[in-house]
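Secondary and tertiary structure notes
As a plain string of letters, each chain reads:
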Amino acid sequence: MLTRFLADETATVALGAALARAIEPGMVVHLRGDLGAGKTTLARGVLRALGYRDRVRSPTFTLVEVYEFSRLNFYHFDFYRFNDPTELDEAGFREYFNAKSVCFVEWPEKAAGLPPPDLDIALRIAGSGRMADLQSHSEVGKRCLARLDPEVPA
């Protein structure tokens, strides 16, 4: 497990950029935290570091935002609005979880049957900043944590 204090939005984006250099195709990352904890900001940091320059939208209303890069497909899910855990099957999202994609999932507890995460990131408000707890749950998750840039705020 790795814990980092994120003093501000810039630090959250920097953690996302470090994650972009560490992720591998096929990964599933669960993002946990209350509304406003910084989950979408973290995803924006990943996307910026991967080269995406357009506006990064929260998938709260669309459920998924799709981003295609040369080395991977990045899917950013937000299941906050799911009322029934079986909605994942009804929405047809299972095909997105594959060896060529990286899936960042906000509110994973609201969708039954998700693939287990390789990495679980919990964000929580801590004073004027945020605390980020990163926990690996697989070998690929362990490799990701080991590759994180040592300059990420400690």
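To keep things clear, this report deals only with the structure shown in the data block. (Residues numbered from 1 in each chain as written. Predicted model: local features only at pLDDT ≥ 70, side-chain atom pairs only at ≥ 80, totals over all residues. Heavy atoms only, no water.)

Observations concerning the sheet that holds strand β3 (residues 64-68)
Put simply, the rule is: Pairs of strands are assigned from DSSP output, requiring at least two bridges between the strands. Counting from the N terminus, the helices are DSSP H or I runs at least four residues long and the strands are E runs at least two residues long. Helix axes use the C-alpha atoms of the stretch in contact, all axes being lines fitted to C-alpha atoms, and the angles between their N-to-C directions lie in the range 0 to 180 degrees. Residues are treated as being in contact if the distance between any of their heavy atoms lies within 4.5 Å.
Taken in spatial order, the 7 strands of this open sheet run β1-β7-β6-β2-β5-β4-β3, and their pairing is mixed. Unpaired on one side and paired on the other, β1 (2-6) and β3 mark the two borders of the sheet. Taking the axes of each pair of neighbouring strands and ignoring which way they run, one obtains an average angle of 15° across the sheet. Bridge analysis of strand β6 (residues 119-126) against strand β7 (residues 129-136) gives 8 bridges, and the strand direction is antiparallel. Bridge pairing in β7 links I125 to R130. Set on the sheet, helix α4 (residues 139-147) makes contact with β1, β6 and β7; between it and β7 the angle comes to about 135°.

What about unusual backbone geometry?
How we decide: Buried residues are those whose accessible area, probed at 1.4 Å on protein chains only, stays under 20% of the maximum for their type, while exposed residues exceed 50% and partly exposed ones sit between those limits.
Positive phi, normally seen in glycine, also occurs at L63, with a value near 75°. Relative to the assigned elements, L63 resides in the loop between α2 (39-50) and β3. One non-glycine residue, W107, lies in the positive phi region at around 60°. If you trace the backbone, W107 turns up in the loop between β5 (101-106) and β6. You can call W107 buried: its relative accessible area is 12%.

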